[in-house]
Amino acid sequence: LYDCPILVGNQEILGFEAHGVPHEVAAVNLGEIDRRKLANDLELMVKAAISVIGDIPYRKYTFLIIGPGGGGLEHLNSSALTLNPASLNTPAGYRSWLSFVAHEFFHLYNVKSIRPIALGPFDYDRENYTKMLWVSEGLTVYYESLILNRAGLLPRQDALDKLSSVISRYENSPGRRIQSAAASSFDTWLSFFGRDEHAANMSVSYYDAGAVLGLLLDLKIRHESGNRASLDDVMKTLYREFYQKRKRGFTDDEFREVCERVAGAKLDGIFEVCAEADRNINYAEYFSYA
């Protein structure tokens, strides 16, 4: 039941199929949005996300749109999503909400299936510490833009602008000189949801740091492999080897081993950024790979 939310009420139901698998939208209030367009766009998004991994681990999926708010939560065959209907009235607002939905849907893979070993099965009586939330959340932020771009829902320039904003937030965070991405992940139990006015000076967001590291990993893997492999291949390998075959999460070392195996090269520079604060990134080098 922890992983099977129930939404009771008189919802509006929309439906579509992706690769023959039924998907539903159960919404408290969709506002004035064009229903057919929404269903078509979600279908394109779902297909683009599925194509990253190449497998569908559910028999039916439901988008539970629960009303106004500012967050969402992923589950094995559903996601609970907030929606402020007026935010969909502008193209920018609509794309922003689609990015949010893409994020929660891709968590179906990157968290519910592909996960650090600490993140399931859970011990609900205590904290579950991991240094890998920069992978679970940050790489998912990176994939938001990729998925929508591949689906034809986010133009290339808009995708690049989103990445630019993430890099700017990360680089302009004073806390990145104090706290690494790995430490930010580990410390989230202690401070992330109890932030005070001093937090920005002492900490960094593993969402932003992880998205930046995901971009670096993708470009480096493509460069080292002659563009024969990418971060997609890392995600596919983790899904097959750990979720499907070993039926468990991966350790920190196993994640790095898979990344380096796919790249065919050591990735010391990137993983030093993960583990240590105040590491300056040579963006010109990585962007030149593109």
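A. Summary view of the packing of aromatic side chains. In total, this model carries 20 aromatic pairs according to the counting rule given. Geometrically, the ring pair formed by Y58 and Y61 is tilted, given 5.3 Å between the ring centres and 50 degrees between the ring planes. The interplanar angle of 75 degrees and the centroid separation of 4.9 Å between the aromatic rings of Y61 and F105 together place this pair among those described as edge-to-face. You can see Y61 sitting in strand β3 (residues 61-67) and its partner F105 sitting in helix α2 (residues 91-106), a full 44 residues away along the chain. Residues Y61 and F105 agree in their burial class; the two are buried. Directly above the aromatic system of Y170 lies the positively charged group of R176, at a separation of 5.7 Å from the ring centroid.

B. Inspection of the packing of helix α4 (residues 156-171) against helix α7 (residues 206-224) at higher detail. In contact at an axis separation of 9 Å, α4 and α7 are set at 125 degrees when each is read in the N-to-C sense. Relative to α7, the element α4 lies oblique. At the point where α4 passes α7, the crossing takes the left-handed sense. Facing L163, V166, I167, R169 and Y170 of α4, the residues of α7 in contact are D208, A209, A211, V212 and L215.

C. Seen up close, helix α1 (residues 35-53). Relative to the 27 Å expected for 19 residues at 1.5 Å per residue, α1 spans 28 Å between its end C-alpha atoms, a close match to the ideal helical length. Regarding α1, the residues found buried are L38, A39, D41, L42, M45, V46, A48, A49, I50, V52 and I53. Lining the buried residues of α1 we find β1 (12-18), β2 (21-27), β3, α2, α3 (133-150) and α8 (231-246). The backbone nitrogen of R36 lies 3.0 Å from a side-chain oxygen of the residue at the head of α1, namely D34.

Calculation rules
Residues numbered from 1 in each chain as written. Predicted model: local features only at pLDDT ≥ 70, side-chain atom pairs only at ≥ 80, totals over all residues. Heavy atoms only, no water. Phe/Tyr/Trp six-rings, centres within 6.5 Å; stacked < 30°, edge-to-face > 60°. Helix = DSSP H or I, 4+ residues; strand = E, 2+ residues; numbered from the N terminus. Buried < 20%, exposed > 50% of the residue type's maximum accessible area, 1.4 Å probe, protein only. Lys NZ or Arg CZ within 6 Å of the ring centre and 35° of its normal. Axes fitted to C-alpha atoms, helices over the stretch in contact; angles between N-to-C directions. Parallel < 35°, antiparallel > 145°, perpendicular 65-115°, else oblique. Left-handed = near helix turned anticlockwise from the far one by under 90°. Contact = heavy atoms within 4.5 Å. Expected span 1.5 Å × (residues − 1). Polar contact = N/O pair within 3.5 Å; in protein donor to acceptor, adjacent residues only side chain to side chain.

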